[in-house]
Amino acid sequence: MTATPAFRSSLFRSFFLGGFECSTHRRKDGRRLDLIAATRHDVLAEQDYRQLAEHGIRAARDGVRWHLVEAEGPGRYDWSPVLPMLRAARRTGTQVVWDLCHYGWPDWLDFFSEDFVPRFADYAAAFAALAFEETGEAPILCPLNEISFLAWAGGETGHFNPCTQGRGPEVKRQAVRATLAATRAVRAAVPGTRVFAVEPLIHTHGRPNVDADIEPAKRRNAAVWEAWDMILGRRDPELGGAEDMLDAIGVNFYWNNQWWLHEGRDAAPLSVFDERWIPLRTLLATVHDRYRRPVFLGETSIEGDRRAMWLRYVAEEVRAAIAAGTPIEGICLYPVLSHPGWDDDRYCPNGLFGMEVQHGRRVVHQPLAEELRRQIRAGTGAAAADVTAAA
């Protein structure tokens, strides 16, 4: 009898990670978001990390909040917003992948300026040095989160900063330049620093038997790879990409990451029960086959009562991918802490933990906690079975 593949990771201290929503962009109405402050994770980081550990999670994704660190001008760093979080991670033994720019930057800095790239590189290097000083370990960094989404929402539709339309390719190229400069800067500042690129894993489907949808769907699906390909120097080599610029790949996958075309535009997300839905295991294999680097689920979640069901689907697909020979390094529950919505402050119940604190602890969504325990037990049990069989 063949044992079920176990969940193991060579990248992280636990196969499951907890990701804290850390977006800091300015919306098109000018309002600055700060989800770390909105959820009080900035003041409750140690408690949050300890609660993660209670659920078998010893690794996390978190954010540095550049707009606060360098608010006063070039090179004038105020690390007080992130120092308590660094120290909380050290005290609790939590391994953190730090997002340096989760869509937001200081107000004084123009994204399209020549200054943006060197300013970002200097800030990245300064943080890497600080993290090493505080923890004694070279950090793990994601320089610019979801370059593709930033290019679409910030450069193409104007939904948030830099609030432009029709400039998506320009935004993407500038973000790649900044990522490459930051990668070289952090490695020079702290040898051994690892750099991850986290991007959404989207697939667009044309309507069955509609020839007019074939090329638009192909273009959209080809765009999924652009940021990673640019970083690795496989396209637009003038940006400075190279194969050694990326240590691991994070893919973000939600229930609405597959779409169908209607009259040349996205109409609605494809249902997971639709016959056209491509299994997550297949998409993960495609990513790994293309890049041959460690791959992990950088974000995945759903709102409401379907949280446990969605984790079950994702974990089973990851297990199937591993069984088929695709090495997957981890699954990040993102967000692990429910939060206010970007557009209207509505409460988004999508986390393992709720925002509210009762008796000094975050309220736990029990169905998701139980499913997480079940998945961890399944992975651990499989590992034990493998060891027994080998003996």
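Described in the following lines is the structure provided in the data block. Here the structure is a predicted model, which is why all the values come from computation and not from measurement. (Residues numbered from 1 in each chain as written. Predicted model: local features only at pLDDT ≥ 70, side-chain atom pairs only at ≥ 80, totals over all residues. Heavy atoms only, no water.)

Looking at the overall build of the protein
Along its length, the protein carries 12 helices and 15 strands. Along the three orthogonal principal directions, the C-alpha set of the protein runs to about 60 × 60 × 40 Å. With 391 residues in all, the protein has 55% of them scored as buried. Of the contacts made within the protein by residues no fewer than 6 positions apart, 73% connect residues no fewer than 24 positions apart. Counting only carbon and sulfur atoms, one obtains 52% of the accessible surface of the protein, whose full area is about 16200 Å². Positive and negative charge centroids in the protein, built from 46 and 52 side chains respectively, lie 3 Å apart. (Helix = DSSP H or I, 4+ residues; strand = E, 2+ residues; numbered from the N terminus. Buried < 20%, exposed > 50% of the residue type's maximum accessible area, 1.4 Å probe, protein only. Contact = heavy atoms within 4.5 Å. Areas by Shrake-Rupley, 256 points an atom, 1.4 Å probe, with all protein chains shown as cover. Lys, Arg positive; Asp, Glu negative; His and termini not counted. Charge placed at Lys NZ, Arg CZ, Asp CG, Glu CD.)

Some remarks on the environment of R312
For R312, the position within the fold is in helix 11 (residues 307–323). It is 6.9 Å that separates the C-alpha atoms of R312 and E371, two residues lying 59 residues apart in sequence.

Here's the deal with the nonpolar core
Counting residues in each nonpolar core, the largest one holds 114 residues, and the members touching the most others are Y49, W98 and F127. A per-element tally of this core places helix 5 (residues 116–135) first, with 9 residues. Each residue touching Y49, except ones within four places of it in the same chain, is listed here: F20, H41, A60, D62, M85, A88, A89, T92, T94, V96 and W98. (Core = buried A, V, L, I, M, F, W, Y, C linked by side-chain atoms within 4.5 Å.)

Some thoughts on helix 6 (residues 147–156)
Where burial is concerned, most of helix 6 is hidden: 7 out of the 10 residues are buried. For helix 6, the full list of buried residues reads I147, S148, L150, A151, A153, G154 and G155. Close packing links the buried residues of helix 6 with strand 4 (140–144), helix 7 (168–189), strand 5 (194–200), helix 8 (214–223) and helix 9 (226–231). Looking one or two residues past helix 6, G158 carries a phi angle of roughly 70°, positive in sign.

Section: the packing of aromatic side chains
Considering all chains together, one arrives at 33 aromatic pairs under this definition. When the centroid spacing of 5.4 Å and the interplanar angle of 90° are considered together, the rings of F111 and F112 count as edge-to-face. When its relative accessible area of 2% is taken as the criterion, F111 is described as buried. When its relative accessible area of 23% is taken as the criterion, F112 is described as partly exposed. Aromatic ring contacts, followed pair by pair, group W66, Y77, W79, W98, W105, F111, F112, F116, F120, Y123 and F127 into a single cluster. Its end group placed over the ring of F112, R167 keeps NZ or CZ at 3.8 Å from the ring centre. (Phe/Tyr/Trp six-rings, centres within 6.5 Å; stacked < 30°, edge-to-face > 60°. Lys NZ or Arg CZ within 6 Å of the ring centre and 35° of its normal.)

A look at helix 8
Turning to helix 8, its buried residues are P216, A217 and N221. Across the axial projection of helix 8, the buried residues extend over an arc of 130°, all falling on one side. Projecting away from the buried face of helix 8 at angles above 90 degrees are the exposed residues K218 and R219. (Arc of directions from axis to C-beta.)

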